[in-house]
Amino acid sequence: MHVGSTFSPLQPISAPRSNGSPLTPFLKPHASKQSPQSTTKTHLSNLDKILQKPISPLEQTKQTTSPNSSSSSTSTKRKRATPLNLSFFTSSSNQQQNEAMSPRSLTSLQFLMSDSAQPSPRANIAKNWHQYHGSDNWAGLLDPLDSHLRREILGYGDLVQSAYHAYFSNPTHQVHLSDSSYYVTRSLFATSSVQLPKWSPFASTKQSSWIGYVAVCDNEQEIRRMGRRDIAIVLRGTATSLEWAENFRTSLVPTEPDQTNGAKVECGFWSLYKSPGETIASLSTTIISEIRHLLNKYKGEELSITVTGHSLGAALSVLIADELSRCKSNMPPIAVFSFGGPRVGNRAFVDRVETRGVKVLRVVNAHDMVTRVPGLMPKEQIEQLFRGSWPERILAKIDGYVHVGQELRVDSRLSPVLRPDADPACCHDLEAYLHLVDGFIAKNCPFRANAKRSLVRLLKQQGGNVKQIFMSKGAIPVDRVKNTSSDDSVLVR
């Protein structure tokens, strides 16, 4: 972020648009105009309008030390950043007057713009972990959103963020997990079967690319809290030109050559999942082998398998869960937590996934275009539009895409931080998704007033889509935004 020679904490600036987003990693900052100097009172008044009466530090302390919650301090050791001091917003002479005007706004802004010394508590869910893992399709937990389920969703989302960071920021793809209770057991690679012409500028792109990892919870305190040992399969979204090419291969193909149930999935997703590389096995083979190894290693323990991913990774997560459900008898419960995922297969495929007991929770932003593809007229929309009428019998013969599982729908326009005209990249950005989940209460409800997730990474990746008041000079240390990475402990869940 560029900072001018004159340092004023009250003068708003604009940040680079979508700089650092995994969806648009190469967009360059655009020139922006600076708004006129505002007064302290005006600035604090604006904060009051945007921040909706957050909880006080005393209430935060009470919530953190609630007798029904237990903090896993030993399993969440993180680097601590110095909390932001906003005392420079007011001079010593008028500080008391301004704080009297808007103490809640100042306190909340300071909390959101810095790492918290006390992460939100991880409540013990051992008795009800099957419900939080989807045994009842999350009945009664989504609207309103259960606070413990929110915490679990954000945790899996942070695992996906670690996959993005390992791919874009680390040439060796070494994964730095924000949750130290998990450790990585296997790296995952996906191979494209697309052959680009030699004249293509992307002809030299490698056919196989690092796409994620398998991790296992290995912290005894966290295992007791969750009620089981969790095996996580984590996948990033589209990042290479060949993966983009596969995304546009939208024809439906059968998952088995001689199948009779009619299950079909998108050609490109299936290619990335099943194609082997020159020297490495296919993504499918690698995952099946690793999961069988882990199930044998932890035989006799209470286990769960969680597959999580964003965008392309969300689509592959469904294929993985479907195959795992039939790779071995007496499989542990399998659940998918996906973010911004497209449709994967037809109605027969969805029926097969659900019949096999796989539970899928899709987090969807109402304004994310990726969740509406592939298919110009999805099968589910045709069924809803013509249900009970004579065209239904004719259109029933037309194969089409259908979403699988349960949906948790959030809305980026309800965020007090994001601009209402946020661009498509922002609406699909993973950190924007996690920000929205953190603030979601229920349908048609305003953003959660006591949302705790830090805004640091959101400002870095989607600064141009953040309301200008949050990009004011001094609202957050410039070097903190520039140097933020996925393994920084800026996340408060």
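Owing to the predicted nature of the structure, the values given are computational and were not obtained by experimental measurement. (Residues numbered from 1 in each chain as written. Predicted model: local features only at pLDDT ≥ 70, side-chain atom pairs only at ≥ 80, totals over all residues. Heavy atoms only, no water.)

(A) Focus on the sheet that holds strand β5 (residues 229-235). Reading across from one edge, β3-β4-β5-β8-β9-β10-β11 is the order of the seven strands in this open sheet, with mixed pairing throughout. Strands at the two margins of the open sheet, each flanked by one partner only, are β3 (182-191) and β11 (406-410). Adjacent strand axes in the sheet meet at a mean angle of 20 degrees when their direction is disregarded. Here five bridges tie strand β10 (residues 359-365) to β11, and the two strands are oriented parallel to one another. Bridge pairing in β11 places V363 opposite L408. Seen against the sheet, helix α10 (residues 283-297) touches β3, β4 (208-217), β5 and β8 (303-310) and runs at an angle of roughly 160 degrees to β3. (Pairing = 2+ DSSP bridges. Helix = DSSP H or I, 4+ residues; strand = E, 2+ residues; numbered from the N terminus. Axes fitted to C-alpha atoms, helices over the stretch in contact; angles between N-to-C directions. Contact = heavy atoms within 4.5 Å.)

(B) Layout of the nonpolar core. The biggest cluster of nonpolar side chains holds 55 residues, and the ones touching the most others in it are L145, L149, I153, Y182, Y213 and F337. The biggest single contributor to this core is helix α6 (residues 147-169), with 10 residues. Setting aside its immediate chain neighbours within four residues, Y182 contacts Y156, L177, A215, V216, C217, M226, D230 and A232. Counting residues in hydrophobic clusters, the runner-up holds 45 residues, among them L272, V318, A348 and V350. (Core = buried A, V, L, I, M, F, W, Y, C linked by side-chain atoms within 4.5 Å. Buried < 20%, exposed > 50% of the residue type's maximum accessible area, 1.4 Å probe, protein only.)

(C) Main features of the pairing of β8. Within β8, eight of the eight residues are buried, leaving the element largely enclosed by the surrounding structure. Burial along β8 is two-sided: the face carrying L303, I305, V307 and G309 and the face carrying S304, T306, T308 and H310 are both buried. In terms of strand pairing, β5 meets β8 through seven bridges, oriented parallel. Residue pairing across strands places I233 opposite V307, the latter belonging to β8.

(D) Local environment of helix α11 (residues 312-324). Its 13 residues place the ends of α11 18 Å apart at the C-alpha level, agreeing with the 18 Å of an ideal helix rising 1.5 Å per residue. With 13 of 13 residues buried, α11 is to be regarded as a mostly interior element. (Expected span 1.5 Å × (residues − 1).)

(E) Region of the structure containing the packing of aromatic side chains. Under the definition given, this model contains five aromatic pairs. Residues W138 and F337 carry aromatic rings whose centres are separated by 5.7 Å and whose planes lie at 75 degrees to one another, so their mutual orientation is edge-to-face. Placement of the pair is W138 in the loop between α5 (129-132) and α6 and F337 in strand β9 (residues 334-339), with a sequence separation of 199 residues. Of the residues examined, W138 reaches a relative accessible area of 2% and is grouped as buried. Among the aromatic residues, those joined into a ring-pair cluster are W138, Y156 and F337. Note that R236 overlies the ring of Y167, its terminal NZ or CZ placed 4.1 Å from the centroid. (Phe/Tyr/Trp six-rings, centres within 6.5 Å; stacked < 30°, edge-to-face > 60°. Lys NZ or Arg CZ within 6 Å of the ring centre and 35° of its normal.)

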